[in-house]
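Reading the structure
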Amino acid sequence: MRKKLNPWLLYAIVFLVLFGVGVFIRWRDPRGVPWADNLLQSALMAVALTVGFAASDRYQRKNRRRQEEIMKQLKDKEQWN
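Values in this document were obtained by computation on a predicted structure and should not be read as measured data. (Residues numbered from 1 in each chain as written. Predicted model: local features only at pLDDT ≥ 70, side-chain atom pairs only at ≥ 80, totals over all residues. Heavy atoms only, no water.)

A look at the overall build of the protein chain
Our working definition: Per the convention used, a helix needs a DSSP run of H or I reaching at least four residues, while a strand needs a run of E reaching at least two, with both numbered from the N terminus. The rule is simple: take the accessible area with a 1.4 Å probe, protein chains only, and divide by the maximum for that residue type; under 20% is buried, over 50% is exposed, in between is partly exposed. Two residues qualify as a contact provided that any one of their heavy atoms is within 4.5 Å of a heavy atom in the partner residue. Counting rule applied: Lys, Arg positive; Asp, Glu negative; His and chain ends not counted. For this purpose, a charge sits on NZ of Lys, CZ of Arg, CG of Asp or CD of Glu.
On a plain count of helices and strands, the protein chain comes out with 2 helices and 0 strands. Expressed as lengths along the three principal axes of its C-alpha atoms, the size of the protein chain is roughly 70 × 20 × 20 Å. Going through the 81 residues of the protein chain one by one, you find that 16% of them count as buried. By sequence separation, contacts in the protein chain at least 24 residues apart represent 62% of the contacts at least 6 residues apart. The distance from the centre of the 15 positive side-chain charges to the centre of the 7 negative ones in the protein chain is 2 Å.

Details of the pattern of salt bridges
Convention followed: Salt bridges are identified by distance alone: a Lys or Arg side-chain nitrogen within 4 Å of an Asp or Glu carboxyl oxygen.
Within this structure, the stated rule accounts for 2 salt bridges. A salt bridge links Asp57 to Arg61; its shortest N-O distance comes to 2.8 Å. Taken together, the residues Asp57 and Arg61, both in helix H2 (residues 35-80) and 4 residues apart, mark about one turn of the helix. Residue Glu69 is joined to Arg66 by a salt bridge in which the shortest nitrogen-to-oxygen separation is 3.2 Å. Residue Glu69 and its partner Arg66 are both found in helix H2; the two are separated by 3 residues, about one turn of the helix. Here Arg66 falls in the partly exposed class, since its relative accessible area comes to 45%.

Observations concerning the environment of Asn63
Secondary-structure assignment places Asn63 in helix H2. A relative accessible area of 35% places Asn63 in the partly exposed class. Linking Asn63 and Met45, residues 18 residues apart in sequence, is a C-alpha distance of 27 Å.

What about the packing of aromatic side chains?
What counts is decided by this rule: Pairs were defined over the aromatic rings of Phe, Tyr and Trp, the Trp ring being its six-membered one, requiring ring centres within 6.5 Å. Orientation was assigned from the angle between planes: stacked under 30 degrees, edge-to-face over 60, tilted for the rest.
A full pass over the atoms with the stated rule returns 3 aromatic pairs. Residues Tyr11 and Phe53 carry aromatic rings whose centres are separated by 6.2 Å and whose planes lie at 85° to one another, so their mutual orientation is edge-to-face. With a gap of 42 residues between them, Tyr11 in helix H1 (residues 7-27) and Phe53 in helix H2 connect regions that are remote in the sequence. Residue Tyr11 is classed as buried on the basis of its relative accessible area, which comes to 5%. Here Phe15 and Phe19 contribute two aromatic rings whose centre-to-centre distance is 5.9 Å and whose plane-to-plane angle is 15°, an arrangement assigned as stacked. Remark: Phe19 and Phe15 occur in helix H1; sequence separation between them is 4 residues, near one turn of the helix. Members of the aromatic cluster, connected to one another through ring pairs, are Trp8, Tyr11 and Phe53.

Here it is in structure tokens:
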């Protein structure tokens, strides 16, 4: 059974993972980009991807709730027939 996380906690974890991956990738860059630029680029990339993830997650949660409501209505309707 999968434990459901609070959505904001899930988004924070996704942001931290993406930020860490971005920092690591830019840190390993052989061109030697300044450290401040690395942090800014990694933060912007992580924010953009997290916003996309959050939007798709909210859409999926809304659709799942609606599907559960429809299934409940169908089961109730079957009981009366």
